[in-house]
Amino acid sequence: MEIEKHPLEPFLPAKAKLLMLGSFPPQKKRWSMDFYYPNLNNDMWRIFGVLFFNDKDYFLNPTRKAFCRERIIDFLNEKGIALFDTASSVRRLQDNASDKFLEVVEATDIAAMLRRLPECKAIVTTGQKATDTLRQQLDVEEPKVGDYSEFVFEKRATRLYRMPSSSRAYPLALDKKAAAYRIMYQDLQLLP
């Protein structure tokens, strides 16, 4: 089986306070833009739109057939939100993006990433595979979905939030996903 290398560089704003980690991007043929959470079947940018702009379509481009990469990047830089995934290379056991059929070949070095983000005080995982892969590297209890666990990373107090998947395959309505994320962003003082 073919090994896929991660197609994107980590997005690490210098002043990032939060590191969001998924498992691995879907296949490129499903992308609507060259950036994280790239396809229209993922609600992450809709969740951000609802929470920060009261508009689920805020990050859609004028054709509504893709998200606006530049608007997203500006927003993430302003808020101090970093993005990457817990796997740097994988094998897909089936022709889809499901974590269930994703074999992690090489995990991302999360500790090295945190060292590049000295102001980061929280990590978010958005799926069981991402959470499990992270926990193989860092000594942290697994939080319940919608909650967090505290741990210390190299003398830095840190939180691991385990949030609902933003995939539309995850059986939770957009408003309920947004409500779970709202609590986290308010805790982190990124949302009034």
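Residues numbered from 1 in each chain as written. Predicted model: local features only at pLDDT ≥ 70, side-chain atom pairs only at ≥ 80, totals over all residues. Heavy atoms only, no water.

S.K.: Go over the nonpolar core, please, and point to the residues and values.
M.R.: Of all hydrophobic cores here, the largest spans 56 residues; its most connected members are M20, W45 and Y185. Ignoring any residue separated from it by four or fewer positions in sequence, one finds W45 in contact with M33, F35, Y36, Y37, K56, F59, F67, I72, L76 and L83. (Core = buried A, V, L, I, M, F, W, Y, C linked by side-chain atoms within 4.5 Å. Buried < 20%, exposed > 50% of the residue type's maximum accessible area, 1.4 Å probe, protein only. Contact = heavy atoms within 4.5 Å.)

S.K.: So what's going on with the sheet that holds strand 8 (residues 156-162)? Which residues, and what values?
M.R.: Taken in spatial order, the 5 strands of this open sheet run 3-2-6-8-7, and their pairing is mixed. Each edge of the sheet is formed by a strand with only one pairing partner; in this case those strands are strand 3 (81-85) and strand 7 (147-153). Across this sheet, the average inter-strand angle for adjacent strands is 25 degrees, counted without regard to direction. Sheet topology places strand 2 (residues 18-22) next to strand 3; 5 bridges connect them, and they run parallel. Within strand 3, the position partnered with G22 by the bridge is D85. Sheet contacts for helix 4 (residues 128-135): strand 2, strand 6 (122-125) and strand 8; angle to strand 6, the most-contacted strand, approximately 135 degrees. (Pairing = 2+ DSSP bridges. Helix = DSSP H or I, 4+ residues; strand = E, 2+ residues; numbered from the N terminus. Axes fitted to C-alpha atoms, helices over the stretch in contact; angles between N-to-C directions.)

S.K.: Could you give me a rundown of helix 2 (residues 69-79), with the residues and numbers involved?
M.R.: Since one α-helical turn is 3.6 residues long, residues separated by three or four positions face the same way. What helix 2 keeps buried is the set I72, I73, F75 and L76. Looking straight down helix 2, one finds that the buried residues subtend no more than 165 degrees of arc, so they occupy a single side. Seen from the open side of helix 2, the exposed residues pointing more than 90 degrees away from its buried face are E70, D74 and E78. Packed against the buried residues of helix 2 are helix 1 (44-53) and strand 3. (Arc of directions from axis to C-beta.)

S.K.: Tell me about the pairing of strand 4 (residues 87-92), and please be specific about residues and values.
M.R.: Across the 6 residues of strand 4, 5 count as buried, placing the element largely inside the fold. Looking at chain direction, strand 1 (residues 4-5) and strand 4 are connected through 2 bridges and run antiparallel. The partner of K5 across the bridge, within strand 4, is S89.

S.K.: Describe unusual backbone geometry, and please don't skip the residues or the numbers.
M.R.: One non-glycine residue, E154, adopts positive backbone phi at about 45 degrees. Locating E154 in the fold gives a position in the loop between strand 7 and strand 8. The backbone phi angle of K155 is positive, close to 70 degrees, even though this residue is not glycine. Along the chain, the position of K155 falls in the loop between strand 7 and strand 8.

S.K.: Please set out the packing of aromatic side chains residue by residue, giving values where relevant.
M.R.: According to the stated counting rule, one finds 19 aromatic pairs in the structure shown. With 5.3 Å between their ring centres and 25 degrees between their planes, W45 and F48 make a pair best called stacked. Placement of both W45 and F48 in helix 1 is noted, with a separation of 3 residues, approximately one turn of the helix. As far as the burial class goes, W45 and F48 line up, both buried. Aromatic side chains F48 and F75 sit 5.3 Å apart centroid to centroid with 75 degrees between the ring planes, which places their arrangement in the edge-to-face category. With F48 in helix 1 and F75 in helix 2, this pair connects stretches of sequence that are 27 residues apart. A cation sits over an aromatic face here: R71 above Y58, 4.4 Å from the ring centre. (Phe/Tyr/Trp six-rings, centres within 6.5 Å; stacked < 30°, edge-to-face > 60°. Lys NZ or Arg CZ within 6 Å of the ring centre and 35° of its normal.)

S.K.: Before we move on, could you go through the environment of I123 and cite the residues and values that matter?
M.R.: Within the secondary structure layout, I123 lies in strand 6. Overall, the relative accessible area of 0% leaves I123 in the buried class. Between the C-alpha atom of I123 and that of D57, which follows or precedes it by 66 residues, the distance is 25 Å.

S.K.: Got a sec to walk through the pattern of salt bridges? Specific residues and values, please.
M.R.: This model, assessed by the stated rule, comprises 13 salt bridges. K28 is the salt-bridge partner of D34, the closest N and O atoms lying 3.1 Å from each other. Assessed through its relative accessible area of 43%, D34 is described here as partly exposed. Note that D43 is salt-bridged to K177, the shortest N-O span being 3.4 Å. On the criterion of sequence distance, the pair formed by D43 in the loop between strand 2 and helix 1 and K177 in helix 5 (residues 174-187) is long-range, its members being 134 residues apart. Assessed through its relative accessible area of 0%, K177 is described here as buried. (Salt bridge = Lys/Arg side-chain N within 4 Å of Asp/Glu carboxyl O.)

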